[in-house]
There are 2 protein chains.
Amino acid sequence: MLSEFLKSKRKAFNFTQEDLANKAGVGLRVVREMEQGKATLRMDKVNQVLALFGSELGVVTKQKGDE
Amino acid sequence: MLSEFLKSKRKAFNFTQEDLANKAGVGLRVVREMEQGKATLRMDKVNQVLALFGSELGVVTKQKGDE
DNA sequence: TAGGAATATACCTTAAAGGGTATAAATGAA
DNA sequence: TTCATTTATACCCTTTAAGGTATATTCCTA
């Protein structure tokens with residue numbers, strides 16, 4: 001899941017949400033809402049954050065029980 | 001890539017963009033912009049469309065030369 | 001326990017995503 | 001070539017994502 005991925009990666013690098021937001025060039029709000037699993041985020045903003053970890057949004061087979 | 005995935009899937013099922021939009025419950029515009037590779041789409045709208053093909057947005061390792 | 005840092009909520013504002021509609025351009029079959 | 005279907009552009013309008021800021025809350029650690 002996106003939020004879990006981000007939280008674990010962020011912790012692994014010992015970044016604060018603010019660090020991430022700054023590094024990614026997005027508002028603190030986006031990082032927060034990503035970690036809280038908000039569904040209506042814009043892809044470009046999410047991708048800016050994921051890029052910090054060499055990742056991005058892509059099409060994957062739907063998992064059952066993920067939400 | 002998201003746009004390629006959608007175009008090929010849509011063709012494979014012989015759907016029009018309008019079909020997809022209706023089935024997914026999104027505006028025709030979203031389907032068009034998805035196929036045209038717009039980067040600022042909302043994740044929830046994209047997921048509504050992808051769900052028709054048992055897929056969804058997920059975190060993947062960044063590909064080089066994808067854009 | 002404090003006290004400070006990190007995280008969460010809440011509010012205001014702006015830019016733009018998305019719906020709808022109309023029209024234009026492209027595609028494809030008879 | 002038609003002519004209908006599909007796809008692309010353009011416009012208006014409403015909603016809301018996202019930035020910024022302020023405040024509240026949680027979570028440490030000394």
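Residues numbered from 1 in each chain as written. Chains lettered and ligands numbered in written order. Predicted model: local features only at pLDDT ≥ 70, side-chain atom pairs only at ≥ 80, totals over all residues. Heavy atoms only, no water.

Visitor: So, the packing of aromatic side chains: which residues are in play, and what are the values?
Guide: Evaluated as defined, the whole model comprises six aromatic pairs over all chains. Summarising the aromatic geometry, the rings of Phe5(A) and Phe53(A) are spaced 6.5 Å apart at their centres and angled 85° between planes, so their arrangement reads as edge-to-face. One end of the pair, Phe5(A), is in helix α1 (residues 2-12); the other, Phe53(A), is in the loop between α4 (43-50) and β1 (55-61), and 48 residues separate them in sequence. Of the two residues examined, Phe5(A) and Phe53(A), each falls in the buried class. Here the aromatic rings of Phe13(B) and Phe15(B) are separated by 5.6 Å at their centres, their planes lie at 25°, and the arrangement is stacked. (Phe/Tyr/Trp six-rings, centres within 6.5 Å; stacked < 30°, edge-to-face > 60°. Helix = DSSP H or I, 4+ residues; strand = E, 2+ residues; numbered from the N terminus. Buried < 20%, exposed > 50% of the residue type's maximum accessible area, 1.4 Å probe, protein only.)

Visitor: An account of the interface of chain A and chain B is requested, with residue identities and associated values reported.
Guide: By a widespread convention, an interface's size corresponds to the accessible area lost as its parts come together. Taken together, the contact between chain A and chain B spans 21 residues of the former and 21 residues of the latter. Among the residues of chain A in contact with chain B, Met43(A), Glu56(A) and Val59(A) are the three that bury the most area, contributing 35% of the side total. In this structure, the connection of chain A to chain B is made through zero salt bridges. One can count eleven residue pairs in polar contact (both at pLDDT 80 or more) joining chain A with chain B. When contributions to the side of chain A that touches chain B are tallied by element, the ones reaching two or more residues are α1, α4 and β1 of chain A. In terms of residue count, the dominant contributor to the side of chain A that touches chain B is β1(A) (seven residues). Where β1(A) and strand β1 (residues 55-61) of chain B come together, seven bridges link them in antiparallel fashion. (Contact = heavy atoms within 4.5 Å. Buried area = accessible area lost by both parts, 1.4 Å probe. Salt bridge = Lys/Arg side-chain N within 4 Å of Asp/Glu carboxyl O. Polar contact = N/O pair within 3.5 Å; in protein donor to acceptor, adjacent residues only side chain to side chain. Pairing = 2+ DSSP bridges.)

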